[in-house]
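Residues per chain are reported as follows:
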Amino acid sequence: MASSKEYLHFVLEQLSGLEDITYRAMMGEYILYYRGKIAGYICDDRLLVKPVPAAVAKMPNARYEPPYEGAKDMLLVEDVENREFLTELFQAMYDELPAPRKKKKKQ
């Protein structure tokens, strides 16, 4: 089941207090970037974030779920209505998110 644009826009609005939140569509779902790093996914109208230590600390009872079949488990964010929590979560996660992969130069 693909995610709705309405849910994407709702999550983006909740994160609007942060600078440089972007997204990219991927087969009916969305990858969320925070300051150029992949922070999470919107899949099946669910917000999932990378299970970095800061995210686990902020959501110790969160369920681990794969964003799609065959993917690594991520943390399900259930409190998406809480704008302040989401802002703090993404800010806390930033330093622990992996750096973007360097694209190989074409020869």
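Quick caveat, the model's predicted, so the values are computed rather than measured.

Asker: Please explain the side chain of Arg46 as it appears in this structure.
Answerer: Within the element layout of this structure, Arg46 appears in strand β4 (residues 46-49). Residues within four places of Arg46 in sequence aside, it is in contact with Tyr7, Tyr41, Glu65, Pro66, Pro67 and Leu76.

Asker: Hey, could you run me through helix α1 (residues 5-14) in this one?
Answerer: Given 3.6 residues per helical turn, the α-helix brings residues three or four places apart onto the same face. Buried residues of α1: Tyr7, Leu8, Val11, Leu12 and Gln14, and no others. Buried residues in α1, looked at end-on, bunch into an arc of 160 degrees, giving them a common side. Tucked inside the fold, the buried residues of α1 contact β1 (21-26), β2 (29-34), β3 (37-43), β4 and α3 (83-93).

Asker: Hey, could you run me through the pairing of β2 in this one?
Answerer: The two faces of the sheet receive side chains in turn, since in a regular strand these alternate between them. With six of six residues buried, β2 is to be regarded as a mostly interior element. Residues Glu29, Ile31 and Tyr33 point to one face of β2 and Tyr30, Leu32 and Tyr34 to the other, with burial holding for every one of them. Between β1 and β2, which follow one another and run antiparallel, lie two residues, and Met27 among them has a positive phi close to 50 degrees. Taken together, the five bridges between β2 and β3 define a ladder with antiparallel strand orientation. Counted as the bridge partner of Leu32 is Gly40 from β3. Hairpin connection from β2 to β3: two residues lie between these consecutive antiparallel strands, with Arg35 at a positive phi of about 55 degrees.

Asker: I tried to follow unusual backbone geometry on my own but got confused; where do I start?
Answerer: Excluding glycine, most residues fall at negative phi; most peptide bonds, likewise, are trans. The backbone phi angle of Asp20 is positive, close to 65 degrees, even though this residue is not glycine. Within the fold, Asp20 resides in the loop between α1 and β1. Although it is not a glycine, Asp44 adopts a positive phi angle of roughly 50 degrees. By secondary structure assignment, the location of Asp44 is in the loop between β3 and β4. According to the relative accessible area criterion, Asp44 is partly exposed, its value standing at 29%.

Calculation rules
- Residues numbered from 1 in each chain as written.
- Predicted model: local features only at pLDDT ≥ 70, side-chain atom pairs only at ≥ 80, totals over all residues.
- Heavy atoms only, no water.
- Helix = DSSP H or I, 4+ residues; strand = E, 2+ residues; numbered from the N terminus.
- Contact = heavy atoms within 4.5 Å.
- Buried < 20%, exposed > 50% of the residue type's maximum accessible area, 1.4 Å probe, protein only.
- Arc of directions from axis to C-beta.
- Pairing = 2+ DSSP bridges.

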